[in-house]
Amino acid sequence: RSRAFPRGYQPSDTATRTYIIDAPGALPALAVTVDPTNLWNAYTGIYRNFNERGSEWERDAAVEYLPRENAESLALAGKLRVHGFYSRTRPKKSLRFYYAALPSELHDDENPLTWSGPGKQRVIIFGARESKVSRDELFQELFSRAGGYAPLSMPVALYLNGEYWGIYYVRERVDQDFLDRHMGRGQYDLLDGQAGKPRVL
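Quick look at the structure, then.

Attention now moves to the overall build of the protein chain. Secondary structure assignment for the protein chain yields three helices and nine strands. Starting at the N terminus and ending at the C terminus, the protein chain contains elements arranged as β-α-β-β-β-β-α-β-β-α-β-β. Computed over its C-alpha atoms, the radius of gyration of the protein chain comes to 18 Å, within 12% of the 17 Å expected for a compact globule of 201 residues. Principal-axis analysis of the C-alpha atoms gives the protein chain an extent of 60 × 40 × 35 Å.

In this section: the packing of aromatic side chains. Applying the stated criterion across every chain, the model contains seven aromatic pairs. Residues Y47 and W165 carry aromatic rings whose centres are separated by 6.0 Å and whose planes lie at 80° to one another, so their mutual orientation is edge-to-face. Pair noted here: Y47 is in the loop between helix 1 (36-40) and strand 2 (59-66) and W165 is in strand 7 (residues 163-172), with a separation of 118 residues, a long-range link. Summarising the burial analysis for this pair, Y47 and W165 share the class buried. Members of the aromatic cluster, each reached through a chain of ring pairs, are W40, Y47 and W165. The side chain of K93 reaches across the aromatic face of F50, ending 4.3 Å from its centre.

Okay, the pattern of salt bridges next. With the rule as written, the count across this model stands at three salt bridges. Salt-bridge contacts for R81 lead to E58; the nearest nitrogen and oxygen are separated by 2.6 Å. A residue pair is termed long-range when its members are at least 10 positions apart, and R81 in strand 3 (residues 74-83) and E58 in the loop between helix 1 and strand 2 qualify at 23 residues. Relative accessible area serves as the criterion here: at 13%, R81 is assigned to the buried category. Where E141 meets R145, a salt bridge forms, and the shortest distance between an N and an O atom there is 2.7 Å. Placement of both E141 and R145 in helix 2 (residues 135-145) is noted, with a separation of four residues, approximately one turn of the helix. The partly exposed category is assigned to E141, whose relative accessible area is 40%. A relative accessible area of 70% means that R145 is categorised as exposed.

In this structure, S94 sits in strand 4 (residues 94-100). Here A128 takes part through its backbone nitrogen, which lies 3.0 Å from a polar atom of the side chain of S94. For S94, the contacting residues outside a window of four places in its chain are R81, V82, H83, F126, G127, A128 and Y168.

Our focus in this paragraph is unusual backbone geometry. Unlike most non-glycine residues, N161 shows phi in positive territory, near 50°. Summarising the element assignment, N161 is placed in the loop between strand 6 (153-160) and strand 7. Overall, N161 belongs to the partly exposed group, its relative accessible area being 30%.

Before going further, it helps to examine the sheet that holds strand 7. Paired through their backbone hydrogen bonds, the strands of a sheet run either parallel or antiparallel. Here we have seven strands rolled up into a closed barrel, ordered 1-2-3-4-5-7-6, and mixed in their pairing. If you compare each strand with its neighbour and ignore which way they point, the axes differ by 40° on average. The sheet contact formed by strand 1 (residues 29-33) and strand 2 spans five bridges and is antiparallel. Note on strand 2: the bridge partner recorded for A29 is L66.

About the criteria used
Residues numbered from 1 in each chain as written. Predicted model: local features only at pLDDT ≥ 70, side-chain atom pairs only at ≥ 80, totals over all residues. Heavy atoms only, no water. Helix = DSSP H or I, 4+ residues; strand = E, 2+ residues; numbered from the N terminus. Rg over C-alpha atoms; globule rule 2.2 N^0.38 Å. Phe/Tyr/Trp six-rings, centres within 6.5 Å; stacked < 30°, edge-to-face > 60°. Buried < 20%, exposed > 50% of the residue type's maximum accessible area, 1.4 Å probe, protein only. Lys NZ or Arg CZ within 6 Å of the ring centre and 35° of its normal. Salt bridge = Lys/Arg side-chain N within 4 Å of Asp/Glu carboxyl O. Polar contact = N/O pair within 3.5 Å; in protein donor to acceptor, adjacent residues only side chain to side chain. Contact = heavy atoms within 4.5 Å. Pairing = 2+ DSSP bridges. Axes fitted to C-alpha atoms, helices over the stretch in contact; angles between N-to-C directions.

Structure representation (structure tokens):
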């Protein structure tokens, strides 16, 4: 990460670039970079305070998608928070990423990070893999093959501040954008997994 501090001027924006040398396996890499204070600080860090919720527990983050075989990478800036319910207590936590919608010419059917929607902001989930088998991904795959609507997911090797964090799944969040795309424009009720109450989108 680099930033310029010219005399007599405001500091520049922070530029973030990730370089992975001899990455293991064959999965594309997803590099997530966050100020360490915003992760580990006892009072303000989202990883230390994993049970806190809401927009006040979102932190600035730079995300880079790095495909294999010298394909073009994708750099995104946005806000990151911890995602999930019981999984928050685990060492590998799922994350929710908010960022500005990308231009339609960058759309790639196999990469949900590139999808555009009617809103100016997109939300994507970085789901932590559970043990040797991800139950979420297995169920969603079976449900989709049975004709249901399931979020697209994409496995990646996730790096958090340069440290290998394991296999994660980049997947769509079931929200207004998702429902509009699959079922048409409308108003929908979803069951809130935490409170057990309907959540109107």
